[in-house]
Amino acid sequence: MTSQPTLPKAGNGQKGHEPHHGSGLQAGLKNRHLSMIAIGGVIGAGLFVGSSSGIATAGPGILISYALVGTLVVLVMRMLGEMSAANPTSGSFSAHADRALGSWAGFSIGWLYWFFWVVVLAVESTAGAKILADWIPAVPQWGWALIVMLVLTATNLVSVGSYGEFEFWFAGIKVVAIAAFIVIGLLAVFGILPGVHADQASFSNLTGHGGFLPHGPGSILTGVLLVVFSFMGSEIATLAAGESEDPQRAVTKSTNSIIWRIGVFYLGSILVVVSLIPWDDKAITDKGSYVAALDSLGIAHTGQIMNVIVLTSVLSCLNSGLYTASRMAFSLGERGDAPRAFARTTARGVPRTAILVSVAFGFLAVFFNYEFPDTVFLFLVNSSGAVALFVWLVICFSQLRMRRIIQREAPEKLVVKMWLYPYLTWAAAALIVFVLGYMLTDTEHDGRETVLLSLLVAAVVLVIAAIKQKLGGSHRTASAAQAAGTDPAKVTAAD
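The shown structure was predicted, so the numbers you read here are calculated from the model rather than taken from an experiment.

Caption draft 1: Inspection of the overall build of the chain at higher detail. For the chain, the helix and strand inventory stands at 20 helices and zero strands. Of all 495 residues assigned to the chain, the portion counted as buried reaches 59%. Nonlocal contacts in the chain, meaning residues at least 24 apart in sequence, comprise 80% of its contacts between residues at least 6 apart. In the form shown here, the chain has an accessible surface area of approximately 19,200 Å², with 67% of it arising from carbon and sulfur atoms.

Caption draft 2: Layout of a nonpolar patch on the surface. Together, Phe-361, Leu-364, Phe-367, Phe-372 and Val-376 give the surface a local cluster of nonpolar side chains, amounting to about 420 Å² of exposed area. The residue Val-376 is located in helix α16 (residues 376–384) in this model. Accessibility expressed as a relative area gives 31% for Val-376, which makes it partly exposed.

Caption draft 3: Highlighting the packing of aromatic side chains. A full pass over the atoms with the stated rule returns 19 aromatic pairs. Where Phe-166 meets Phe-170, the ring centres are 5.9 Å apart and the plane angle is 75°; that geometry is what we call edge-to-face. In this pair, Phe-166 and Phe-170 are both assigned in helix α7 (residues 160–189), four residues apart and thus about one turn of the helix distant. Classification of Phe-166 as partly exposed rests on a relative accessible area of 34%. A network of ring pairs unites the aromatic residues Phe-93, Tyr-113, Phe-116 and Trp-117 as a single cluster. Between Arg-32 and the ring centre of Phe-168, over which it is positioned, the NZ or CZ distance is 4.7 Å. When the ring centre of Tyr-421 is taken as reference, the NZ or CZ atom of Arg-403 above it lies at 4.4 Å.

Caption draft 4: Up close: the layout of surface pockets. Roughly 270 Å³ of internal volume is contained in the second largest pocket. For the second largest pocket, the lining is made up of 14 residues, of which Ile-109, Leu-112, Phe-390, Val-394 and Leu-462 are closest to its centre. Going through the elements one at a time, α5 (103–135), α17 (387–409) and α19 (447–484) are the ones with two or more residues in the lining of the second largest pocket. A total of five residues in the lining of the second largest pocket trace back to one element, the largest contributor, which is α5. Looking at the lining of the second largest pocket, its residues break down into 13 nonpolar, one polar and no charged.

Caption draft 5: Region of interest: the packing of helix α6 (residues 141–158) against α7. Look at α6 against α7: their axes get within 6 Å of each other, and the N-to-C directions meet at 130°. The orientation of α6 relative to α7 falls into the category oblique. Two secondary-structure elements touch here, α6 through Leu-152, Thr-155, Asn-156 and Val-158 and α7 through Ser-162, Tyr-163, Phe-166 and Phe-170. When grouped by side-chain class, the residues that make up the contact of α6 with α7 number five nonpolar, three polar and no charged.

Caption draft 6: Expanded view of the environment of Leu-132. Examined against the element boundaries, Leu-132 turns out to sit in helix α5. The buried category is assigned to Leu-132, whose relative accessible area is 13%. As a C-alpha pair, Leu-132 and Val-148 span 16 residues in sequence and 9.8 Å in three-dimensional space. Ignoring sequence-local partners within four residues, the contact set of Leu-132 consists of Trp-144, Val-148 and Leu-311.

Caption draft 7: Representation of the packing of α5 against helix α15 (residues 352–371) within the structure. Between α5 and α15, the least distance of the axes is 8 Å, while the angle of their chain directions is 55°. On the basis of their axis angle, the class for α5 and α15 is oblique. In the packing of α5 onto α15, the handedness of the crossing is right-handed. Counting all contacts with α5, which are made through Trp-114, Val-118, Leu-121, Ala-122, Ser-125, Thr-126 and Ala-129, the residues of α15 involved are Val-357, Ser-358, Phe-361, Gly-362, Ala-365, Val-366, Asn-369 and Tyr-370. In the contact of α5 with α15, the residues fall into ten nonpolar, five polar and no charged.

Caption draft 8: Summary view of unusual backbone geometry. Here the amide bond leading from Tyr-421 into Pro-422 is cis, since omega sits at 0°, within 30 degrees of zero. With respect to the secondary-structure elements, Pro-422 resides in the loop between α17 and α18 (423–439). Its identity is not glycine, yet Ser-92 carries a phi of approximately 45°, on the positive side. As for its placement among the helices and strands, Ser-92 is situated in helix α4 (residues 92–100). The class for Ser-92 is buried, based on a relative accessible area of 0%. The backbone of Leu-420 sits at a positive phi, close to 50°, despite the residue not being glycine. Counting through the fold element by element, Leu-420 comes out in the loop between α17 and α18. Under the relative-accessibility criterion, Leu-420 is labelled exposed at 63%.

Thresholds, definitions, all that
Residues numbered from 1 in each chain as written. Predicted model: local features only at pLDDT ≥ 70, side-chain atom pairs only at ≥ 80, totals over all residues. Heavy atoms only, no water. Helix = DSSP H or I, 4+ residues; strand = E, 2+ residues; numbered from the N terminus. Buried < 20%, exposed > 50% of the residue type's maximum accessible area, 1.4 Å probe, protein only. Contact = heavy atoms within 4.5 Å. Areas by Shrake-Rupley, 256 points an atom, 1.4 Å probe, with all protein chains shown as cover. Patch = residues over 30% accessible without salt bridge, like charges linked within 9 Å, V, L, I, M, F, W, Y side chains within 5 Å. Salt bridge = Lys/Arg side-chain N within 4 Å of Asp/Glu carboxyl O. Phe/Tyr/Trp six-rings, centres within 6.5 Å; stacked < 30°, edge-to-face > 60°. Lys NZ or Arg CZ within 6 Å of the ring centre and 35° of its normal. 1 Å grid on protein atoms, 1.4 Å probe; cavity = no way out; pocket = protein on both sides within 12 Å on 5 of 7 lines; lining within 4 Å. Points joined across faces, edges and corners; volume = space filled by probe spheres on them. Nonpolar A, V, L, I, M, F, W, Y, C, P; charged D, E, K, R; others polar. Axes fitted to C-alpha atoms, helices over the stretch in contact; angles between N-to-C directions. Parallel < 35°, antiparallel > 145°, perpendicular 65-115°, else oblique. Left-handed = near helix turned anticlockwise from the far one by under 90°.

Next comes the structure, spelled out in structure tokens:
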């Protein structure tokens, strides 16, 4: 009979956190770093840039789209928080899937997630370079992309603390900007903003101009497709917790605060946008939703202010993307699912090889973006587009099994519990499958192409995982057991 996988004896699930030279990852992130990473992780550049298309498609009903996706993210993060609080590790959901579902799951979702973030490096570095080139045209756009990538690579190579410090300030700027936008917008809507007479600002914009759902209820689902990917990044705090002073506390805190973070930063700011100006105002699509909303208040230099905020969000996403990709590569290397060199660290606990390899693929993707934007790079973007949904689905199935394992072996580690287990877990999984299925019907916004190409890449990774497991399963399980401090016989039975 096949036995259940066992929890590792080590509290963090990996051999890091030892102070001696090159021993593994070290606890270099402070509590304030983790708090701001958790808050800023849900505020991506996609919120500032991508929300305009969602508003134009669904009207004020885009609020329901954001609420649906936000609810899904809250549930998924609760599941991930349950597993990560019991076993904080740099591999996060990939490591949990490895133990709960088998090595094929950890291998596949880990590499797909790494692939997603190295493509994001190219997308975000190009976006940031475009803004910088507009400010200082003497440096070509590709030059700015190179500079940005080199600076953030150097930051990540120094220490995890330097990453945390940069992200603390990047995320801080985003949080302050969104908070200020919400306060100023609400003051204008209520007609009490000093020195500003906003003729259009009113909650009546939510129901005027064709009603709350001007394009019908179906536009809510279309809106879901347009906004779902802007939530990717919420899980970064659980990866970073493995390098914090108190991983369990960090995971618990970030998990418990996800509801108000999404409620305030996403729903709150979008509510302000669609209240300040009518949803069908052409300025929303021409200038962007946030710029158009601020412009309606007559605030000077709105465009440049938003460019600074968007650039900060881009740099934050780049910084976190490089960190996340390298830590996932480190975890894969530690578990034998990637070259062992990926799991080597410097005296400061930095996985240098994992960082450099991730950056190298990021640079390659940047090259494709400039040389083959409509062929190779378009394939990379579309083929990684549905990875977020794949990750969330794997988290659901991992949690269903890990709950039983934790309850059997270490019930005291269940400091964070998924609500209404297993019913809400199954409901979240069903919603994710529904969204993927609905994307297959979407030809207007490339939803079908994104899902099909992402499934193609996932299928290739799964085949590689199956071949690897068949050819080298015994070697991998012995290595994994040694890294986790478990009995190799138990791990073999689990696999």
